[in-house]
Amino acid sequence: MQNQISVVVLDKNENSREIIKSFLNDIDYVSSVRLYADYEKGLEAVKEANCTVIADISGESDEIAKIADEIKLHTSKLIITSSDYSTNTIIRALRLGAKEFLPKPVLKEDLLRVLSMLANITDEEDDTQSKIITVYSNKGGIGKTTIALNLAEELAKTTKSRTALIDLNLQLGDISTFLNLNPAFDVNYVIKKLINNDEKNLLRFFEKYKDSSLYILSDPSYIEQSESITPRQIELLFAALKKIFPYIIVDMSANIDANSLKILDCSDWILFTTIVNIPAIRNAQRCLNLFRSRKYPKDKVKLIINRYMDNEEIKIDDIENTLSEKVYWRIPNNYFTIMEAINKGVCVSEVNAGSNIANSFRDFASKVSDDIIEQAVTKYRY
Ligand SMILES: Nc1ncnc2c1ncn2[C@@H]1O[C@H](COP(=O)(O)OP(=O)(O)OP(=O)(O)O)[C@@H](O)[C@H]1O
Ligand SMILES: [Mg+2]
């Protein structure tokens, strides 16, 4: 049986509003339909009740952009329609937070399909577009924690979507130290809840970072607690997190053991990080061979260069040739700003937003979110 849903339609065109209304009136699980030409007024209706929103973005008007972030706060069920269905428009729709895109004129069977799909998932169960992005290096001290937390903070800012930062460096996690947190709960606690089939309100066990949409889960408080965590439990944790967070950024240790392999296998993306020196690149080569032997899909592993300096003796081309891998992003060396951030327990953007490293993390987060959206666009082929 379908859950009952109410629908708010935002569309400037009266004819389209009426057509969509007539389709919705024929659907038995749609309990109410409200139509608006004025998007700001429609937003008030969205705030009142948990609903599905169908918003049109045809034409020049950019009214939806003004209210998209607010819609996201109240529902994740946003369907965007447009008479222009070029790739750019679809990217724009997904960036605005659309769960589905429908070309205009909207066909009844398409509307039925996406509504029924969205009706059957609650916001708490929506893992359709969630991505696990793990920052990894098989060498210690390369900058995994620095990258994971600054990227997560920028992603939360850029996308305004719920972003999790999970410390799976189970024995030597640093995130709570780097961000000066004293969390009441940790990974071990959440895993225990999941083992007992208690998946409700998991969000309350995360530390919300200031007033952003970044939520942090720290490593276990005691080393012996980390020893009891198994690969199966990591799988359980990821499955539960995917239902709550569109973006999950994972920090982990350099070790390769059963838990690490499980984390890497479960990740959608691995931001495989190295620095520019011969021992680090040799190590990177060995690790990339391991990834190849595990037959990870193309594009799962993205090569990141940390602490990059323009006058490096080893050039980017040399690294790419040696590793047979394109460099996805490079982060400049800026020890001073990073140390100041760690000492103050904040992200680099908070100590010096105009620094080369803060700019790099901001652009990095935009690229990650753009590339994730572009991957999602491939499902729409009109
Ligand atoms: N881009 C950078 N520029 C300058 N210093 C950096 C940069 N990235 C990281 N560092 C410094 O390198 C050190 C190690 O960084 P970090 O703790 O993030 O590495 P890690 O890979 O998480 O280490 P571990 O394996 O111990 O968990 C820190 O002191 C950090 O300040
Ligand atoms: Mg670390």
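The structure this text deals with has already been given above.
Here is a short report on the structure shown in this document. A quick note: this is a predicted structure, and the numbers were derived from the prediction, not measured.

## Quick notes on the environment of valine 114
Thought 1: Locating valine 114 in the fold gives a position in helix 5 (residues 108-119).
Thought 2: Residues valine 114 and phenylalanine 101 lie 13 residues apart in sequence; the distance between their C-alpha atoms is 9.0 Å.
Thought 3: With near-sequence residues (within four places) excluded, valine 114 lies in contact with Ile79, Glu100 and Leu102.

## Quick word on the packing of aromatic side chains
Thought 1: Here the structure, examined in full by the defined rule, presents 12 aromatic pairs.
Thought 2: Both rings, one in tryptophan 269 and one in tyrosine 328, keep their centres 6.0 Å apart while their planes meet at 75°; by these two values the pair is edge-to-face. Remark: tyrosine 328 occurs in strand 13 (residues 327-332) and tryptophan 269 occurs in strand 11 (residues 269-275); sequence separation between them is 59 residues. For the pair tryptophan 269 and tyrosine 328, one class covers both residues: buried.
Thought 3: By way of ring pairs, the aromatic residues Tyr136, Phe272, Phe291 and Tyr296 are connected into one cluster.

## Observations regarding the site of ligand 1
Thought 1: In the neighbourhood of ligand 1, 20 residues make up the surrounding shell, with Gly143, Lys144, Thr145, Thr146 and Asn334 lying closest.
Thought 2: The backbone of glycine 143 places a nitrogen or oxygen atom 2.9 Å from an oxygen atom of ligand 1.
Thought 3: Here a nitrogen atom of ligand 1 and a side-chain polar atom of arginine 307 are 3.3 Å apart.
Thought 4: Mapping ligand 1 onto the cavity grids shows that it belongs to the second largest pocket.
Thought 5: Sorting the residues of the shell around ligand 1 by element identifies helix 6 (144-159), strand 12 (301-308), strand 13 and helix 14 (335-344) as the ones contributing at least two each.
Thought 6: Per element, the largest residue contribution to the shell around ligand 1 is 4 residues, and it comes from helix 14.
Thought 7: Across the shell around ligand 1, the residue classes break down as 9 nonpolar, 9 polar and 2 charged.

Reading guide: rules and limits
- Residues numbered from 1 in each chain as written.
- Chains lettered and ligands numbered in written order.
- Predicted model: local features only at pLDDT ≥ 70, side-chain atom pairs only at ≥ 80, totals over all residues.
- Heavy atoms only, no water.
- Helix = DSSP H or I, 4+ residues; strand = E, 2+ residues; numbered from the N terminus.
- Contact = heavy atoms within 4.5 Å.
- Phe/Tyr/Trp six-rings, centres within 6.5 Å; stacked < 30°, edge-to-face > 60°.
- Buried < 20%, exposed > 50% of the residue type's maximum accessible area, 1.4 Å probe, protein only.
- Near = heavy atom within 4 Å.
- Polar contact = N/O pair within 3.5 Å; in protein donor to acceptor, adjacent residues only side chain to side chain.
- 1 Å grid on protein atoms, 1.4 Å probe; cavity = no way out; pocket = protein on both sides within 12 Å on 5 of 7 lines; lining within 4 Å.
- Sits in = over half its atoms within 2 Å of the grid points.
- Nonpolar A, V, L, I, M, F, W, Y, C, P; charged D, E, K, R; others polar.

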